[in-house]
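# Structure assessment
Spelled out from the first residue to the last, the chains are:
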Amino acid sequence: QSVRVALVGPGGRGTGAAGDALSTTGGDVRLVAIADVYQNRLNSSLKSLQGEHKDKVKVPDDNKFIGFDAYKKAIDTLGKGDVVILTTPCGFRPIMFKYAIEKGVNVFMEKPVTVDGASSRKMLELNEEAKKKNIKVGVGLMVRHCKGRQQLFDRIKGGEIGDITSMRAYRIHPPVGSAFTEPRNPNEKS
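Residues numbered from 1 in each chain as written. Predicted model: local features only at pLDDT ≥ 70, side-chain atom pairs only at ≥ 80, totals over all residues. Heavy atoms only, no water.

It is worth spelling out the overall build of the protein at this point. Secondary structure assignment for the protein yields six helices and six strands. Ordering the α and β elements of the protein from the N terminus gives β-α-β-α-β-α-β-α-β-α-β-α. Each of the 190 residues in the protein was classed as buried or not, and the buried ones make up 33%. Long-range contacts, defined as pairs at least 24 residues apart, comprise 73% of the intrachain contacts of the protein with a sequence gap of at least 6. Accessible surface computed for the protein: about 12300 Å², of which carbon and sulfur atoms make up 53%. (Helix = DSSP H or I, 4+ residues; strand = E, 2+ residues; numbered from the N terminus. Buried < 20%, exposed > 50% of the residue type's maximum accessible area, 1.4 Å probe, protein only. Contact = heavy atoms within 4.5 Å. Areas by Shrake-Rupley, 256 points an atom, 1.4 Å probe, with all protein chains shown as cover.)

Moving on, we come to the packing of aromatic side chains. The final tally for this structure, using the stated rule, is two aromatic pairs. Note on Tyr71 and Tyr99: the rings are 5.9 Å apart at their centroids and 85 degrees apart in plane angle, and the pair reads as edge-to-face. Separated by 28 residues along the polypeptide, Tyr71 in helix α3 (residues 70-76) and Tyr99 in helix α4 (residues 93-103) bring together distant segments of the chain. (Phe/Tyr/Trp six-rings, centres within 6.5 Å; stacked < 30°, edge-to-face > 60°.)

Sheet strands pair via backbone hydrogen bonds, and the direction of the pair is either parallel or antiparallel. An order of β3-β2-β1-β4-β5-β6 is seen for the six strands of this open sheet, with the pairing classed as parallel. Bordering the open sheet on either side are β3 (64-66) and β6 (137-140), each of which pairs with just one other strand. Strand after strand, the sheet turns through a mean of 20 degrees between neighbouring axes, direction not considered. Note: strand β1 (residues 2-8) against strand β4 (residues 83-86), four bridges, orientation parallel. Bridge pairing in β4 places Leu7 opposite Ile85. The sheet strands contacting α4 are β1, β4, β5 (106-110) and β6, and the helix crosses β5 at an angle near 160 degrees. (Pairing = 2+ DSSP bridges. Axes fitted to C-alpha atoms, helices over the stretch in contact; angles between N-to-C directions.)

Here's what the structure looks like:
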């Protein structure tokens, strides 16, 4: 089965999700469109993905979209059964998710999905529309997809450590994110 993918989102955040999609072995998955607000971020994401997945990144110049309406243009390149990856800041998610549903495109959204009650209710409403159209929706919640944590949860539920009266969890990892980005090239336009 062949699946076409469009990446909509800022450079850096989206390349991990798109890279994961392109790493699958269950079929022919190809990146065919990319959208961002900034040209330099689009270029950076595309270069990174081409370096890791040379044969699966097939984005012609006319499928590279810049601007606040770029998400529509990227989604318009897709058909039924294809996937749009939304990695934009969550304030834009409801309008992009709605457009993907209208177009009948499956959706993967990076976390966070919402930040407040109003946007959460809107996303839940949109999800009901997606279900009616049999559109598949996935969200990148790291822990949900971690087999080790799933096994730990099952063992705790199974009573292996007794009754839990209090629990606290910490996430410890090396530095990530924008706090450690490289200096901006002064000759590169945003």
